[in-house]
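# Structural features, examined
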Amino acid sequence: MKLGRISAATVVALAAIGLAACGSGTPGGSSGGGGATGGGAAEAVKVGIKFDQPGMGLKEGSTYSGFDVDLANYIAKELNYTPTFVEAVSSQRETLLKTGQVKYIVGTYSITDARKKDVDFAGPYFIAGQDLLIRADDASITGPDSLAGKKLCSVKGSTSAVNVQKKVPGVNLQEYNTYTLCVDALKAKNVDALTTDNTILAGYAAQAANKGQLKVVGQTFSTENYGVGLPKGDTALCQKVTDAVNKWISSGEWQKAVEKNLGPSGFKPGAGNPPKPAACGASSGATG
């Protein structure tokens, strides 16, 4: 009887040790920033991207695609993260980072001095510029100087709309809630052109539903330096992300992502691409 009691106690103790050992390997248990060379289970993080920008960041059902999505995934792999994507609406990006709702954001996020007061950036990883999307058979619009009297579409509250109004006071600006609605209006001939960053426009032109119907003018009139948005003051994370971006560019993956996501529209990256990411804390700003 005595031997039986000792055996039972031993079994219980061994079972407890086994359960503790299993628990120590649970994914997402790391409290650090992760690292490709650190080993161990990947850290589960939330990453902000765009959901409505074909070619850059697009959500279709449970599938995500685009140039920015490719970079977001590459960074996650390099830093040993398992990402869950969260929609980063332009007006909410700083809040998402400041409140810790996302680890980082890759979503056509232009680096500006105003934004750098609230968040940090790794980059730039792409130099874009504001341009125009028009119908493929329209030869009357060759750039912003030919917009006077034309109906131009942009999204409410966007910097693109503000920029073009300053540059072409005579333009008839039509503001819609989304770029998709602008594209529909353009194809229906309710507006004459759509304006935003050339990368986003190229993505729309490359969509199967728009192939051959729309084209990017190719006359940019601003400079937008895209960066990876990061929480303010996290220097260690900034350095890791910057290293990942540099590797993405030098390995040839940057070029592959351009060709896959934007190439079908005939889009060619402008001067300065691919850029050299700046040292953390010194990322280039945007002029547009």
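Residues numbered from 1 in each chain as written. Predicted model: local features only at pLDDT ≥ 70, side-chain atom pairs only at ≥ 80, totals over all residues. Heavy atoms only, no water.

## A look at the side chain of D131
To be explicit about the condition: Where helices and strands are cited, they refer to DSSP runs of H or I of at least four residues and of E of at least two residues respectively, numbered from the N terminus. Note on classification: 1.4 Å probe, protein chains only; a residue is buried when its accessible area is under 20% of the maximum for its type, exposed when over 50%, partly exposed between these limits. Asp and Glu count as negative and Lys and Arg as positive, but His and the ends of the chain are not part of the count. Any carboxyl oxygen of Asp or Glu within 4 Å of a side-chain nitrogen of Lys or Arg constitutes a salt bridge here. Any pair of nitrogen or oxygen atoms within 3.5 Å is treated as a polar contact; in protein, a donor-acceptor pairing is required on top of that, and neighbouring residues in sequence qualify only through side-chain atoms on both sides. A contact between two residues is defined here by any heavy atoms of the two lying within 4.5 Å.
Structurally, D131 is set in strand β8 (residues 130–135). Here D131 sits buried without a salt bridge, and the closest side chain of opposite charge, K215, lies 11 Å off (N-O distance). Looking at D131, its side chain comes within polar contact range of the main-chain nitrogen of G218, at 3.0 Å. Polar side-chain contacts of D131 include one of 3.1 Å to the backbone nitrogen of Q219. Aside from chain neighbours lying at most four places away, what touches D131 is L194, T195, T196, N198, L201, V216, V217, G218, Q219, T220 and F221.

## With respect to helix α8 (residues 253–261)
Threshold: Arc, as used here, means the arc of the directions from the helix axis to the C-beta atoms.
Among the residues of α8, those classed as buried are W254, A257, V258 and N261. Along α8, the residues classed as buried sweep out an arc of 100 degrees about the axis, all on the same side. Along α8, exposed side chains directed more than 90 degrees from the buried face belong to K256 and K260. Buried positions along α8 lie against α2 (67–78), β7 (119–128) and α7 (235–250).

## Considering the packing of α2 against α7
Note the cut-off: A fitted line through C-alpha atoms represents every axis, and for helices the fit uses only the stretch in contact; the resulting angles, taken between N-to-C directions, go from 0 to 180 degrees. Roughly parallel means an angle under 35 degrees; roughly antiparallel, over 145; roughly perpendicular, 65 to 115; everything else is oblique. In this scheme the crossing of two helices becomes right-handed for a clockwise turn of the near helix relative to the far one and left-handed for an anticlockwise turn of less than a right angle. In this count, Pro and Cys sit with the nonpolar residues alongside Ala, Val, Leu, Ile, Met, Phe, Trp and Tyr, while Asp, Glu, Lys and Arg are called charged and the others, Gly among them, polar.
For the pair α2 and α7, the least separation of the axes is 9 Å and the interaxial angle reads 120 degrees. Classified by the interaxial angle, the pair formed by α2 and α7 is oblique. The crossing of α2 and α7 is right-handed. On α7, the residues that touch F67, D70, L71, Y74, I75 and E78 of α2 are V241, A244, V245, K247 and W248. Of the residues assigned to the contact of α2 with α7, the class counts are eight nonpolar, no polar and three charged.

## Considering the environment of S251
Here S251 lies in the loop between α7 and α8. What makes S251 partly exposed here is its relative accessible area of 41%. Polar contacts involving the side chain of S251 include one to the main-chain carbonyl oxygen of W248, which spans 3.1 Å.

## Re the state of the cysteines
Just so we agree on the cut-off: Throughout, disulfides are identified as pairs of cysteine sulfur atoms within 2.5 Å of each other.
Throughout the structure, instances matching the rule amount to two disulfides. Note that C238 is cross-linked by a disulfide to C280, the S-S spacing being 2.2 Å. Residues C238 and C280 are joined through a disulfide that is left-handed, its torsion about the S-S bond being -110 degrees. Placement of C238 in helix α7 and of C280 in the segment after α8 is noted, with a sequence separation of 42 residues between them. Owing to a relative accessible area of 2%, C238 belongs among the buried residues under this scheme. Assessed through its relative accessible area of 26%, C280 is described here as partly exposed. Described in terms of the sequence order of its bonded cysteines, the disulfide pattern of the protein is 1-2, 3-4.

In short, geometric facts, not functional conclusions.
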